[in-house]
Amino acid sequence: MIIILFVALAVLLVIGAPVAVALAGSSLVYLLAADRIPDIILIQRMVGGVDSFPLLAVPFFILAGNLMNVCGVTERIFSFADSLVGWMRGGLGHVNVGASVIFAGMSGAAIADAGGLGAVEIKAMREKGYDVDFAVGITGASSTVGPIIPPSLPLVVYGVVAGASIGQLFIAGIVPGLLIAGLLMLMVAVISHRRGYPIGERFSLVRLASTFFHAALSLLIPVIIVGGIVLGIFTPTESAIAAVGYVLVLATLVYRSAGWRQIITVFRETIEMTSVVLLIVAASSIFAWILTREGVPTAFASAVMTVADNPILILILINLILLVVGCFMETVAAITILTPVLLPLAVQAGVDPVQFGIIMVLNLMIGLLTPPVGLVLFILARVADISFPRAVRATLPFIAALLVSLILITFIPALTLWLPSLI
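Residues numbered from 1 in each chain as written. Predicted model: local features only at pLDDT ≥ 70, side-chain atom pairs only at ≥ 80, totals over all residues. Heavy atoms only, no water.

A separate point is the overall build of the chain. Looking only at helices and strands, the chain has 21 helices and zero strands in total. Over its C-alpha trace the chain gives a radius of gyration of 21 Å, about what one expects of a compact globule, namely 22 Å for 423 residues. Counting only C-alpha atoms, the chain reaches 70 × 45 × 45 Å along its principal axes. Partitioning the contacts of the chain with sequence separation of at least 6, the portion at a separation of at least 24 is 79%. Counting only carbon and sulfur atoms, one obtains 70% of the accessible surface of the chain, whose full area is about 17400 Å². The average position of the 18 basic charges and that of the 19 acidic charges among the side chains of the chain differ by 10 Å. (Helix = DSSP H or I, 4+ residues; strand = E, 2+ residues; numbered from the N terminus. Rg over C-alpha atoms; globule rule 2.2 N^0.38 Å. Contact = heavy atoms within 4.5 Å. Areas by Shrake-Rupley, 256 points an atom, 1.4 Å probe, with all protein chains shown as cover. Lys, Arg positive; Asp, Glu negative; His and termini not counted. Charge placed at Lys NZ, Arg CZ, Asp CG, Glu CD.)

Together, Ile-312, Leu-313, Ile-316, Leu-320, Ile-407, Phe-411 and Ile-412 make up an exposed nonpolar region whose accessible area comes to about 610 Å². Of all elements in the fold, only helix H16 (311-328) and helix H20 (388-411) reach the threshold of two or more residues within the nonpolar patch. Ranked by residues supplied to the nonpolar patch, first place goes to H16 with four residues. Its relative accessible area of 38% is what places Ile-412 among the partly exposed residues. (Patch = residues over 30% accessible without salt bridge, like charges linked within 9 Å, V, L, I, M, F, W, Y side chains within 5 Å. Salt bridge = Lys/Arg side-chain N within 4 Å of Asp/Glu carboxyl O. Buried < 20%, exposed > 50% of the residue type's maximum accessible area, 1.4 Å probe, protein only.)

Taken as a whole and assessed by the stated rule, the structure comprises eight aromatic pairs. Aromatic side chains Tyr-130 and Phe-134 sit 6.1 Å apart centroid to centroid with 15 degrees between the ring planes, which places their arrangement in the stacked category. Given a relative accessible area of 5%, Tyr-130 falls into the buried group. Look at Phe-134 and Tyr-197: their rings are 4.9 Å apart centre to centre, the planes differ by 40 degrees, and that puts the pair in the tilted class. Taken as a pair, Phe-134 in helix H8 (residues 132-143) and Tyr-197 in the loop between helix H11 (174-195) and helix H12 (205-230) lie far apart in primary sequence, 63 residues in all. (Phe/Tyr/Trp six-rings, centres within 6.5 Å; stacked < 30°, edge-to-face > 60°.)

This structure, assessed with the given rule, holds four salt bridges. With its nearest N and O atoms 2.9 Å apart, the salt bridge here joins Asp-82 to Arg-207. Of the two residues, Asp-82 sits in helix H5 (residues 73-85) while Arg-207 sits in helix H12, which places them 125 residues apart along the sequence. A salt bridge links Asp-133 to Arg-390; the nearest nitrogen and oxygen atoms lie 2.7 Å apart. Of this pair, Asp-133 sits in helix H8 while Arg-390 is found in helix H20, placing the two residues 257 residues apart along the sequence. Under the relative-accessibility criterion, Asp-133 is labelled partly exposed at 27%.

Another point: the side chain of Gln-355. Inspection of the secondary structure puts Gln-355 in helix H18 (residues 353-367). Of the polar contacts made by the side chain of Gln-355, one reaches the backbone oxygen of Thr-410; its length is 3.0 Å. With near-sequence residues (within four places) excluded, Gln-355 lies in contact with Ile-409, Thr-410, Pro-413, Thr-416 and Leu-417. (Polar contact = N/O pair within 3.5 Å; in protein donor to acceptor, adjacent residues only side chain to side chain.)

In this section: the environment of Leu-12. Along the chain, Leu-12 turns up in helix H1 (residues 2-14). With 137 residues separating them in the primary sequence, Leu-12 and Ile-149 have C-alpha atoms 35 Å apart. Beyond its immediate sequence surroundings of up to four residues, Leu-12 is in contact with Ala-17, Val-21, Ala-22, Gly-25 and Ser-26.

Summarising the element assignment, Ile-148 is placed in the loop between H8 and helix H9 (153-162). In this structure, the C-alpha to C-alpha distance between Ile-148 and Ile-62, residues 86 residues apart in sequence, is 15 Å. Apart from the residues lying within four places of it in its own chain, the contact partners of Ile-148 are Leu-155, Gly-173, Pro-176, Gly-177, Ile-180, Ile-358, Val-361 and Leu-362.

A word on the nonpolar core. Of all hydrophobic cores here, the largest spans 143 residues; its most connected members are Val-136, Phe-356 and Met-360. The dominant element in this core, judged by the number of residues it contributes, is helix H14 (residues 260-293), at 12 residues. If we ignore the near neighbours within four places in the chain, the residues touching Phe-356 are Tyr-158, Ile-318, Leu-342, Leu-343, Ala-346 and Val-351. (Core = buried A, V, L, I, M, F, W, Y, C linked by side-chain atoms within 4.5 Å.)

Right, let's get into the environment of Ile-312. Turning to its location among the elements, Ile-312 is positioned in helix H16. Judged by relative accessible area, Ile-312 falls into the partly exposed class, the value being 47%. Put simply, Ile-312 and Arg-268 are 44 residues apart on the chain and 46 Å apart in space, counted from C-alpha to C-alpha.

Okay, the confidence of the model for the chain next. When pLDDT is averaged across the chain, the result is 84; 96% of the residues are at 70 or more. Across the chain, the secondary-structure element scoring lowest on mean pLDDT is helix H7 (residues 110-127), at 73, and the one scoring highest is H18, at 93. (pLDDT = per-residue confidence, 0-100.)

With that out of the way, let us pick up unusual backbone geometry. Following Pro-150, the chain continues to Pro-151 via a peptide bond in cis, the omega torsion being 0 degrees. Position of Pro-151 among the secondary structure elements: in the loop between H8 and H9. Here the phi dihedral of Asp-385 falls at roughly 60 degrees; this positive angle occurs in a residue that is not glycine. Relative to the assigned elements, Asp-385 resides in the loop between helix H19 (375-384) and H20.

Where helix H15 (residues 296-307) contacts helix H17 (residues 331-348), the two axes come as close as 8 Å, and the packing angle between them is 45 degrees. On the basis of the axis angle, H15 is oblique to H17. Handedness of the crossing formed by H15 with H17: right-handed. Facing H15, whose interface residues are Pro-297, Phe-300, Ala-301, Val-304 and Met-305, H17 presents Pro-340, Val-341, Leu-342, Leu-345 and Gln-348. (Axes fitted to C-alpha atoms, helices over the stretch in contact; angles between N-to-C directions. Parallel < 35°, antiparallel > 145°, perpendicular 65-115°, else oblique. Left-handed = near helix turned anticlockwise from the far one by under 90°.)

Once that is clear, we can look at H5. Look at H5: 18 Å from first C-alpha to last across 13 residues, which is about the 18 Å you get at 1.5 Å a residue. Residues of H5 that are buried: Val-73, Thr-74, Ile-77, Phe-78, Phe-80, Ala-81, Asp-82, Ser-83 and Val-85. (Expected span 1.5 Å × (residues − 1).)

Moving on: the packing of H8 against H11. Where H8 contacts H11, the axes come no closer than 11 Å and their chain directions differ by 170 degrees. If you check the angle between H8 and H11, you find them roughly antiparallel. Contacts between H8 and H11 involve Phe-134, Ile-138, Ala-141 and Ser-142 on the former and, on the latter, Leu-184, Val-188, Ile-191, Ser-192 and Arg-195.

Shown next, in the form of structure tokens:
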């Protein structure tokens, strides 16, 4: 029976059906073929898949990210990052990474980083004489930091599916996110010296203080989100609501950079994006239930253990599976479907569920930079007005840094578990 499920899924994807439709459609075909299972199970499981309080964080983090892109927060963050690290050779490349780290503490989505902050970064780098390929490559790679450093939409979904603490997952992402940023900045330094990229404006405490003053209220957003969770003031969901309220005050009363028409447009876009994400979660939940019912996770774990009983080999195999899946499948769908399959195997290999969450999300973020799906690449190709194949080539050198980060995070548990253990 399980063959019918996968054949139906493959057919629907090949004919161009949306991911959610393909998952729900193939599940319905399975239920009809199984005959002994009531069709109403499809609706019940889909509704149950999104009937979760933590998932309320998804629309609010999406809304917060969209609001920041229209109220001037991104430009203020970029200016502050420029005054902080822009004085080095290849300064705007370092600024690109630094701004993404700061923005990561606000939006929680790679797409929001690439589409909002990325447009500012690529434009600035072009004007200063940087190769557009270099600008696109580092912008794409740095955008993957967004879902690693808290808050993170993929980690919220993983926490719901895996039954892991979302608060601990958020804290666990801080050190890995900074590690990725450090390796990317190292890549920027090496490439900039080889190509002779310009040195930015000389470091000035006066300019740093000025840009910090202008960005100070914006920089409080990650403090509100992460600080509220760490101090126990907010749950992750409540922190998302608090972030939206704070950004709305900035946009309408403080910066006055967004009118009500813009804000209404942002709300409409957020509803559309949230609908897509939650529909995928709902469709994935019935698909994952069928896999579990058919014993696929257990069979898969047994098959892997017969091929590789060494924990290191198991982890390498899991990473390879996730990297390949990330090339073809949307992040939320991949997390919802693969977590019940791969998490038990990872736990058998001695991996903590919190650490595995970071490993899974980083793998799937790398997938956003690889064809044929490569959603971040499509966005950056449009922003930079270059072809998709050229955007792929531009990103390849920086994927090496992301893979090194993945190896370190996979085999050094302390990178993810040390900080949560202190709190």
